[in-house]
Amino acid sequence: MAALNISRLVLRSSKLRASPSHLFSAQLLMQMQSSPFTRKACSFICLFTFASFSFTDIPTSHCMSVDAHTVASQLNSSGLLRTQGLIGGKWTDAYDCKTIKVYNPATGESILDVACMGGRETNDAISAAYDAYRSWSKTTAAERSKLLRKWYDLLMVHKEELAQLITLEQGKPLKESIGEINYGAGFIEFAAEEAKRIYGDIIPAPLSDRRLFVLKQPVGVVGAITPWNFPLAMITRKVGPALACGCTVVIKPSELTPLTALAAAELSIQAGIPAGVVNVVMGNAPDIGDALIASPQVRKITFTGSTAVGKKLMAGSAETVKKVSLELGGNAPCIVFDDADLDVAVKGTLAAKFRNSGQTCVCANRIIVQEGIYEKFAHALRDAVQNMKVGDGFGEGVAQGPLINEAAVKKVETLIHDATSKGAKIILGGKRHSLGFTFYEPTVISDVNSEMRISREEAFGPVAPLLRFKTEEDAIRIANDTNAGLGSYVFTNSIQRSWRVAEALEYGLVGINEGVISTEVAPFGGYKQSGLGREGSKYGMDEYLEIKYVCLGNMNKE
Ligand code: NAP
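Note that the structure is predicted; figures quoted are calculated from it, not measured.

1. Side note on the overall build of the protein chain
When you go through the protein chain residue by residue, the secondary structure sums to 19 helices and 22 strands. Burial status across the protein chain gives 56% buried among its 558 residues. The long-range fraction of contacts in the protein chain, counting pairs at least 24 apart against all pairs at least 6 apart in sequence, stands at 73%. With an accessible surface of roughly 22600 Å², the protein chain has 54% of that area assigned to carbon and sulfur atoms.

Structure (structure tokens):
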């Protein structure tokens, strides 16, 4: 009966015009009365159904082309639709029953209410992780490897549904969401393999009666705080290696995108990873963060997000001297030399700049172009950007979705206003998209210089600012003139120049003639204020390991 009531309520209250196919969807909801769907799941389906209605006051291009019923029933039957936190293997409401809404940025509609947790739930999650650590840290590498591999397999089996969930709550085009599942699951697969290769060392002893060796052991309980721009990958990049090393985790996903995190956690349970090894709490970020920092049982904080919050967590961790890994904001330069292949440079810049609507920490933030190729490059980039289709991430051929929220759009507007007031010129876009909500036109602006705010702050939006330079030395100076040091890109056909510039750039990642370089097999992390430590690759494993030196003495005794 609940489903019937919900569907009627939907039709009454939403200023909707229903087409025959939409009525079919509503009927499907009514048929679901007899199924074991929960009320929350039903309301989720309603929203999928809303999305395929045409709102009288919203352009039809906002409608999802996804088959709502298929997605909903797949999510339901695989148990992936979760709204509660996960503490010690139990799905748990907030203790005061508070909830928080998760929105679809493409439509502004709320998708579901999820538990809004705080310090008390976090402390219980820490205790659960601490208890589970005793046995998990004693499992063999082979056992951990098998469970992680199973988790990877399940993530891949549910790739389509998980990708749809990402597009729904985060807004990126479905094709990019599928890419994120492959990328994100890759960290679990890599960790499953690497679990078996956590070798220690034997050190030649300085005294003949001694034997020295090094053991690598898990650091303990890990607090993992992640952002909204990669709802799966930012979690798996931390949790994969942590679990492989024998650590247990308390994950805090962003309140903006918790559904993917909860679905991934559900799959960890289905994979057989024991209760308490993976815990998830979400809601009141400062309270959760404070609880993680204050607890002496948490031995490591791993954080991906803004530099401001990262600094707070680092300072707070000093009290209990926790290990800290930080993946923070970037201000990526993308240097295009006169000798670059124009097509390669445009294609690479497009990918480095506009992926995820410009909302990645490694997005090109300053496109620094040598004067000989500047005009040609600006025209070619403008033409390429003009061809990008903007729309709901579920739409056919859509290359750019909405920004995550109104604050993100306001930031882009402020930076563009600052730049144009100081002499920059808009050569494409430069305003909100006619689709409304948080859609913004893919934008190219020229005549930008290093003093403008857009060169000094992370725009985190679909704006390509073009700066001009004369010599290689100028390019390196401009590129390094920032407190950030995460991603950087260079386009040149000179092998000698590519070496010279790669060595001179104060950045953790350098892409030469390539705009998308992240992979689970290579180290990811920043110089300067872009962070501490590395994720991915064999180097990412070290972040979750303690080094223990053992000395055996009196070894010459019979
Ligand atoms: P954010 O505001 O710092 O949020 C990141 C996470 O921290 C979220 O889970 C957030 O929770 C939580 N948080 C906020 N305040 C907190 C507090 N006082 N204590 C504990 N946790 C707190 O960053 P964002 O806007 O989500 O993400 C964008 C930023 O992340 C950009 O600067 C981007 O460059 C950076 N980023 C870096 C990398 C990298 O690898 N270097 C990768 C991706 C993104 P709520 O969302 O629930 O408030």
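From this point, things continue past the structure.
2. Details of the environment of Ile517
Position of Ile517 relative to the elements: it lies in the loop between strand E20 (509–512) and strand E21 (531–532). By relative accessible area, which is 27% here, Ile517 ends up partly exposed. On a C-alpha basis, the gap between Ile517 and Ala352 in space is 9.1 Å, while along the polypeptide they are 165 residues apart. Apart from residues no more than four positions distant in its own chain, Ile517 is found in contact with Leu509, Val510 and Gly511.

3. A closer look at the nonpolar core
In this structure, Trp151, Leu155, Leu243 and Val278 are the most contacted members of the largest nonpolar core, which totals 80 residues. Per element, the largest residue contribution to this core is 7 residues, and it comes from helix H10 (residues 258–270). If you look at the next biggest cluster of nonpolar residues, it comprises 34 residues, including Ala340, Tyr374, Val385 and Leu466.

4. Here we look at the UniProt feature "active site" (unreviewed entry) in the protein chain
UniProt annotation of "active site" (unreviewed entry) refers to Glu327 when read in the numbering used here. Residue placement: Glu327 occurs in strand E13 (residues 323–327). By relative accessible area, Glu327 is classed as buried at 4%.

5. Here we look at the site of the ligand
Taken together, 29 residues sit near the ligand, with Thr226, Arg237, Ser306, Leu328 and Glu458 positioned nearest. Contacts to the ligand include Thr226, whose backbone N or O atom sits 2.6 Å from an oxygen atom. One nitrogen or oxygen atom from the main chain of Gly305 is found 3.3 Å from an oxygen atom belonging to the ligand. Coverage of the ligand by the protein chains reaches 87% of its 900 Å² of free accessible surface. Listed by contribution, the elements that provide at least two residues to the shell around the ligand are helix H9 (233–245), helix H11 (285–294), strand E12 (298–304) and helix H12 (307–317). Broken down by element, the residue count for the shell around the ligand peaks at 3 residues, all from H11. When its residues are assigned to classes, the shell around the ligand shows 15 nonpolar, 9 polar and 5 charged.

6. Notes on the environment of Ile547
Its location among the elements puts Ile547 in strand E22 (residues 545–552). Spatially, the C-alpha atoms of Ile547 and Val214 are 6.6 Å apart, while their sequence positions differ by 333 residues.

7. Section: the sheet that holds E22
If you walk across this open sheet you meet the 3 strands as E7-E8-E22, and the pairing is antiparallel. Every interior strand has two partners, whereas the edge strands, strand E7 (201–203) and E22, have only one. Neighbour-to-neighbour, the strand axes of this sheet turn through a mean angle of 25 degrees, independent of strand direction. Judged from the 8 bridges that link them, strand E8 (residues 211–218) and E22 form a sheet pairing that is antiparallel. Considered in E22, the bridge of Lys216 is made with Ile547.

8. What about the side chain of Glu121?
Following the sequence through the fold, Glu121 ends up in helix H5 (residues 119–136). Excluding its chain neighbours within four sequence positions, the residues that come into contact with Glu121 are Ile87, Ala94, Tyr95, Asp96 and Val281.

9. Here we look at H10
In this model, H10 (13 residues) spans 19 Å end to end at C-alpha, consistent with the 18 Å of a helix rising 1.5 Å per residue. The buried count for H10 comes to 11 of 13 residues, which makes it a mostly enclosed element. Where H10 ends, the next residue or the one after it, Gly272, has phi of about 100 degrees, a positive value.

10. Here's the deal with the packing of helix H13 (residues 342–354) against helix H14 (residues 374–386)
It is at 10 Å that the axes of H13 and H14 come closest, and there the two elements cross at 55 degrees. In terms of orientation, H13 and H14 fall into the oblique class. Between H13 and H14 the crossing geometry is right-handed. Across from Leu342, Ala345, Val346, Thr349, Leu350 and Phe354 in H13, the residues of H14 making contact are Lys376, Phe377, Ala380, Leu381, Ala384 and Val385. Of the residues in the contact of H13 with H14, the class split is 10 nonpolar, 1 polar and 1 charged.

11. Observations concerning unusual backbone geometry
The backbone of Ser357 sits at a positive phi, close to 55 degrees, despite the residue not being glycine. Along the chain, Ser357 falls in the loop between H13 and strand E15 (364–370). When its relative accessible area of 2% is taken as the criterion, Ser357 is described as buried. Even without being a glycine, Asn513 presents a positive backbone phi close to 55 degrees. Structurally, the position occupied by Asn513 is in the loop between E20 and E21. Note on Asn513: relative accessible area 27%, which makes it partly exposed.

Cut-offs used in this document
Residues numbered from 1 in each chain as written. Predicted model: local features only at pLDDT ≥ 70, side-chain atom pairs only at ≥ 80, totals over all residues. Heavy atoms only, no water. Helix = DSSP H or I, 4+ residues; strand = E, 2+ residues; numbered from the N terminus. Buried < 20%, exposed > 50% of the residue type's maximum accessible area, 1.4 Å probe, protein only. Contact = heavy atoms within 4.5 Å. Areas by Shrake-Rupley, 256 points an atom, 1.4 Å probe, with all protein chains shown as cover. Core = buried A, V, L, I, M, F, W, Y, C linked by side-chain atoms within 4.5 Å. UniProt positions renumbered as here; feature names shortened; annotations may be inferred. Near = heavy atom within 4 Å. Polar contact = N/O pair within 3.5 Å; in protein donor to acceptor, adjacent residues only side chain to side chain. Nonpolar A, V, L, I, M, F, W, Y, C, P; charged D, E, K, R; others polar. Pairing = 2+ DSSP bridges. Axes fitted to C-alpha atoms, helices over the stretch in contact; angles between N-to-C directions. Expected span 1.5 Å × (residues − 1). Parallel < 35°, antiparallel > 145°, perpendicular 65-115°, else oblique. Left-handed = near helix turned anticlockwise from the far one by under 90°.

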